[in-house]
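Structural features, examined
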Amino acid sequence: MSQQSVVQLRNVTKRIGGKTIVDSLSFDVPKGEVFGFLGPNGAGKTTTIRMMVGLISMSAGEVLVNGLSVNKQFEQAMRHVGAIVENPELYKFLTGYQNLIHFARMIPGVTRERIDEVVALVKLENRIHDKVKTYSLGMRQRLGVAQAILHKPDVLILDEPTNGLDPEGIRELRDYLRQLSKEEGTAIIVSSHLLSEMELMCDRVAVIQNGKLVDVRPVKDMVAPASGALEVAFVAEPAERAAQVVAQALPEASVSLQPGGFTAFVGYEDIPGLIRALVLADIRVYGVKAASKTLEDQFLEMTRGGQIV
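Report follows, based on the coordinates. Keep in mind it's a predicted model, so treat the numbers as computed, not measured.

Turning our attention to unusual backbone geometry. Residue Pro238 follows Glu237 across a cis peptide bond; omega there is -10°. Relative to the helices and strands, Pro238 is located in the loop between strand E11 (229-237) and helix H9 (239-249). The phi dihedral of Asn66 falls on the positive side, at around 50°, and the residue is not glycine. Relative to the helices and strands, Asn66 resides in the loop between strand E4 (60-65) and strand E5 (68-69). One non-glycine residue, Asn210, lies in the positive phi region at around 55°.

Paired through backbone hydrogen bonds, the strands of a sheet run either parallel or antiparallel to each other. Here we have four strands laid out as an open sheet, ordered E2-E1-E4-E5, and antiparallel in their pairing. The strands lining the two open edges of the sheet, one partner per strand, are strand E2 (19-30) and E5. In terms of strand pairing, strand E1 (residues 5-16) meets E2 through eight bridges, oriented antiparallel. When the bridges of E2 are listed, Ile16 appears paired with Lys19. The sheet contacts of helix H1 (residues 45-52) involve E1, E2 and E4, and relative to E1 the element is tilted by about 115°.

What follows deals with the pairing of strand E3 (residues 34-38). Of all five residues in E3, five are buried, a share of seventy percent or more. Where burial is concerned, the two faces of E3 agree: the one with Val34, Gly36 and Leu38 and the one with Phe35 and Phe37 are both buried. Inspection of the sheet shows E3 paired to strand E9 (residues 204-209) by four bridges, in the parallel sense. Each residue of the ladder has a partner; that of Phe35, found in E9, is Arg204.

Going through the model one piece at a time under the given rule, you end up with four aromatic pairs. On the numbers, 4.9 Å between centres and 25° between planes, the contact of Phe27 with Phe35 is stacked. Judged by its relative accessible area of 6%, Phe27 is buried. Since its relative accessible area comes to 0%, Phe35 is described here as buried. Taking 5.7 Å as the distance between ring centres and 55° as the angle between the ring planes, the aromatic pair formed by Phe27 and Phe37 counts as tilted. With a gap of ten residues between them, Phe27 in strand E2 and Phe37 in strand E3 connect regions that are remote in the sequence. In this structure Phe37 comes out as buried when scored by relative accessible area, which is 1%. An aromatic cluster is built from Phe27, Phe35 and Phe37, whose rings are joined through pairwise contacts.

What follows covers the packing of helix H5 (residues 137-149) against helix H6 (residues 167-183). Contact geometry for H5 and H6: axes closest at 12 Å, N-to-C directions at 10°. Judged by the angle between their axes, H5 and H6 are roughly parallel. Contacts between H5 and H6 pair Arg142, Val145 and Ile149 from the former with Gly169, Glu172, Leu173, Tyr176 and Leu180 from the latter. A per-class count over the contact of H5 with H6 returns five nonpolar, one polar and two charged.

Between its first and last C-alpha atoms H5 spans 19 Å; for 13 residues at 1.5 Å apiece the expected length is 18 Å, and the two agree. Within H5, eleven of the 13 residues are buried, leaving the element largely enclosed by the surrounding structure. Burial in H5 covers these residues: Gly138, Met139, Gln141, Arg142, Leu143, Gly144, Val145, Ala146, Gln147, Ala148 and Ile149. Residues of H5 that are buried make contact with strand E6 (81-84), helix H3 (96-104), helix H4 (112-121), strand E7 (155-159) and H6.

With mixed pairing, the six strands of this open sheet are ordered in space as E6-E7-E8-E3-E9-E10. Because the sheet does not close on itself, it has two edges, and the strands there are E6 and strand E10 (212-218). The mean angle between the axes of side-by-side strands here comes to 15°, regardless of whether they run parallel or antiparallel. Helix-sheet contacts for H6 involve E3, E7 and strand E8 (187-191), and the interaxial angle to E8 is about 150°.

Scoring rules and cut-offs
- Residues numbered from 1 in each chain as written.
- Predicted model: local features only at pLDDT ≥ 70, side-chain atom pairs only at ≥ 80, totals over all residues.
- Heavy atoms only, no water.
- Helix = DSSP H or I, 4+ residues; strand = E, 2+ residues; numbered from the N terminus.
- Pairing = 2+ DSSP bridges.
- Contact = heavy atoms within 4.5 Å.
- Axes fitted to C-alpha atoms, helices over the stretch in contact; angles between N-to-C directions.
- Buried < 20%, exposed > 50% of the residue type's maximum accessible area, 1.4 Å probe, protein only.
- Phe/Tyr/Trp six-rings, centres within 6.5 Å; stacked < 30°, edge-to-face > 60°.
- Parallel < 35°, antiparallel > 145°, perpendicular 65-115°, else oblique.
- Nonpolar A, V, L, I, M, F, W, Y, C, P; charged D, E, K, R; others polar.
- Expected span 1.5 Å × (residues − 1).

Structure below.
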């Protein structure tokens, strides 16, 4: 992944009626990264996205896209951006293909071949010539994504892109976004409430609450302790004797008894040796699995359990 920043937020602030909705938000998104944007209800995610694409003005700060200011060079900056904010805007009385043709006329260089390519990518070939009013919500979402990537943008901004998609559609979208980031170097910013999907999709996530940035972390660092130790759950009997064996083999390991077994914070390379020690001690080992915190666990801790948008 390249470290060249495609999107830069510098102290972006939004005040409405004396209330600060977004408070001095700053972060960078490099080329080829899938960047997740998370926050509880009313945290300011959609407001931030709207400022990034120029739908509402900023009270202070600056957004740069490929070094171009959204405030001062709006048209030039937006040529590098594809976006769906909340819901895709489509003409329901036209077919899906006619919608794409209409949108393509506003962007120089979009060919019929490119339209056919994006239709295939979002798997709408069988319905693309039907009127949009006959589409399901999920099909409209797919068409919106096709519309947003027609001009091969350097940054793709998607606000709740999985709304209305079935599990297969969510997986296909996730795989396509990963492909887009890796093969074309597109920077992708995704806001979603499906934290399990964000964990699978994103390279890094930013968490905001009450308009302020709580943290920006790589997903891999959020789902595994920085120390390198893993919380591992052992299903073993007798549990008390098993916990004693582990404590003797690894005195520095933190061991806690659980129903039917125990958990221990151990290094990844220590796990085979522990299993061997348990078996040699005539402990019956039925299962071993990682019990590290998920992105959802970490998110709820960071936001103190606030409701997820």
